[in-house]
Amino acid sequence: MKSNVFCNMVGIEYPIIQGAMAWIADSSLAAAVSNAGGLGIIASGNAPVEVVREEIRKAKKLTDKPFGVNIMLLSSNAEEVAKLVCEEGVKVVTTGAGSPGKYISMWKEHGVKVIPVVASVALAKRMEKAGVDAVVAEGCESGGHVGELTTMALVPQVVDAVNIPVIAAGGIGDKRGVGAAFMLGASGVQVGTRFLVAKECTVHQNYKDKVISAKDIDTVVTGRTTGHPVRVLRNKLSRKYQILEKEEASIEQLDELGKGALVKAVKDGDTDNGSVMAGQIAGLISKEETCKEIIEEMFDLKSLLNKFDSII
Ligand SMILES: Cc1cc2nc3c(=O)[nH]c(=O)nc-3n(C[C@H](O)[C@H](O)[C@H](O)COP(=O)(O)O)c2cc1C
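Residues numbered from 1 in each chain as written. Predicted model: local features only at pLDDT ≥ 70, side-chain atom pairs only at ≥ 80, totals over all residues. Heavy atoms only, no water.

Enquirer: Give me the lowdown on the pairing of strand β10 (residues 219–222), citing residues and values where you can.
Expert: Across the two faces of β10 the burial is the same, with Thr219 and Val221 and Val220 and Thr222 all buried. Sheet topology note: the β10/strand β11 (residues 230–233) ladder contains four bridges and is antiparallel. Among the inter-strand pairings, Val221 is bridged to a residue of β11, identified as Arg231. (Buried < 20%, exposed > 50% of the residue type's maximum accessible area, 1.4 Å probe, protein only. Helix = DSSP H or I, 4+ residues; strand = E, 2+ residues; numbered from the N terminus. Pairing = 2+ DSSP bridges.)

Enquirer: Quick rundown of the environment of Lys208? Include the residues and the values.
Expert: As for its placement among the helices and strands, Lys208 is situated in helix α10 (residues 205–213). By relative accessible area, which is 3% here, Lys208 ends up buried. As a C-alpha pair, Lys208 and Lys292 span 84 residues in sequence and 18 Å in three-dimensional space. Residues contacting Lys208, with those up to four places away along its chain left out, are Leu196, Val197, Ala198, Lys199, Cys201, Val203 and Glu288. For Lys208, the side chain forms a polar contact with the side chain of Glu288, separated by 3.3 Å. (Contact = heavy atoms within 4.5 Å. Polar contact = N/O pair within 3.5 Å; in protein donor to acceptor, adjacent residues only side chain to side chain.)

Enquirer: Describe in detail helix α11 (residues 236–246), supporting the description with residues and values.
Expert: Among all positions of α11, only Leu237, Ser238, Tyr241, Leu244 and Glu245 are buried. One side of α11 carries all its buried residues, which in axial view fall inside an arc of 125°. The opening residue of α11 is Asn235, an N-cap whose side-chain oxygen sits 3.1 Å from the backbone nitrogen of Leu237. One or two residues past the end of α11 sits Glu248, with phi positive at roughly 55°. (Arc of directions from axis to C-beta.)

Enquirer: Lay out the sheet that holds strand β3 (residues 67–72) with the relevant residues and their values.
Expert: The eight strands are arranged β1-β9-β8-β6-β5-β4-β3-β2 in an open sheet whose pairing can be described as parallel. Pairing within the sheet leaves two strands with one partner each, and these edge strands are β1 (16–18) and β2 (40–43). Averaged over all pairs of adjacent strands, the angle between strand axes in this sheet comes to 25°, irrespective of strand direction. When β3 meets strand β4 (residues 92–96), the two strands line up parallel, connected through five bridges. (Axes fitted to C-alpha atoms, helices over the stretch in contact; angles between N-to-C directions.)

Enquirer: Go over unusual backbone geometry, please, and point to the residues and values.
Expert: Residue Trp23 is not a glycine yet carries a positive backbone phi of 70°. Within the secondary structure layout, Trp23 lies in the loop between β1 and α2 (27–35). With relative accessibility at 41%, the residue Trp23 sits in the partly exposed group. Notably, Glu248 is not glycine yet its phi reads approximately 55°, a positive angle. For Glu248, the location among the structural elements is in the loop between α11 and α12 (251–258).

Enquirer: A description of the side chain of Thr226 should follow, citing residues and the corresponding values.
Expert: With respect to the element layout, Thr226 can be found in the loop between β10 and β11. Given a relative accessible area of 15%, Thr226 falls into the buried group. Within the structure, the side chain of Thr226 is placed 2.8 Å from the backbone oxygen of Gly223, a separation counted as a polar contact. Dropping the residues within four chain positions of it, Thr226 is found in contact with Tyr241, Glu245, Ile251 and Leu254.

Enquirer: Describe the site of the ligand, naming the residues involved and giving the relevant values.
Expert: Of all residues adjacent to the ligand, which total 19 residues, the nearest are Ala20, Glu138, Gly171, Gln190 and Thr193. Between the ligand and Asn70, the relevant distance is 2.9 Å, taken from a nitrogen atom to a side-chain nitrogen or oxygen of the residue. Backbone polar atom of Gly143 to an oxygen atom of the ligand: 3.1 Å apart, as the coordinates give it. Computed on the free molecule, the ligand has an accessible area of 600 Å², of which 96% lies beneath the protein chains in the complex. If you list the elements that add at least two residues to the shell around the ligand, you get β3 and β9 (188–191). The class makeup of the residues in the shell around the ligand is eight nonpolar, 10 polar and one charged. (Near = heavy atom within 4 Å. Areas by Shrake-Rupley, 256 points an atom, 1.4 Å probe, with all protein chains shown as cover. Nonpolar A, V, L, I, M, F, W, Y, C, P; charged D, E, K, R; others polar.)

Enquirer: Can you break down the packing of aromatic side chains residue by residue, with the values?
Expert: Evaluation of the coordinates by the stated rule reveals two aromatic pairs. Plain terms: the ring middles of Tyr14 and Phe299 are 5.4 Å apart, the flat faces sit at 40° to each other, and that makes the pair tilted. In this pair, Tyr14 is assigned in the loop between α1 (5–10) and β1 and Phe299 in the segment after α14 (291–298), connecting sequence segments 285 residues apart. A relative accessible area of 17% means that Tyr14 is categorised as buried. A relative accessible area of 10% means that Phe299 is categorised as buried. With centroids separated by 5.4 Å and ring planes inclined at 40°, the aromatic side chains of Tyr103 and Trp107 adopt a geometry described as tilted. For the residue pair Tyr103 and Trp107, the accessibility class agrees, reading buried in each case. (Phe/Tyr/Trp six-rings, centres within 6.5 Å; stacked < 30°, edge-to-face > 60°.)

Treat this as a map of the structure, not an account of what it does.
In structure tokens:
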């Protein structure tokens, strides 16, 4: 990769971050992505801090390349994991669900690069002011927690609003998506859904099969009524959830239905009653591949140049 600002910032070969995926993105996936030249991320989710420490140490054994840790700021473990990354000498932190403001000076002292995920221009500007190194602008096509704007609309507006590198996320599943992200002004991409089916991804095979067999219209956003909208693949659980939301069920009832649902799908392979988080791009994904194969396909960009022949 020729002199890419994000690659230079974090010391990687291809400007791609493997998106954090709670209960899924462990040392196996993160190290494989880093070994393939991207930036692997261990998702800390709600895991106990000692489990996260173990994953960091395993990743260090599996790769000598940079990798990062994602912190969900609303999790009860956020503060402990924020300190842990400093203790363990992790190079990059990505954050979700809010503002990491209170941890930034500690991370800076330890030389940790800070990259929050944002879903609006306002938050991107706030984050830049707070001193972060880059932002991930994530559109609502993505799997997992979503905002309101699409990647196509959000990315160029964030790019114009800040002077730090912007990484595009949401709906990027192949080299065409990567090319489009760069056209929108992004300096890199973050990809979650396509890495769900990576050979090195330890998610249950039933989960992978459900992603591979998904069609374009197979995702739905649940949880808008609770203030925590999440994009998942349609199944028995999402239908139950939607019925309850239509009936204006209480947040407690909805929370009860959602409790442990991601683990049920990820670990037990119960893709009917578990939460199968995935993005709209699932419809494009047709096979399992290694992280190296995925990244090399996504950055085979020279073949895209002739797309402009008919319009320039
Ligand atoms: C199963 C799943 C779990 C996710 N968990 C997290 C998480 O724990 N923290 C986070 O910041 N983002 C999370 N995300 C978002 C991803 O990191 C990434 O930004 C997103 O998947 C990119 O969009 P795509 O799915 O269209 O590739 C999750 C996404 C998926 C699909």
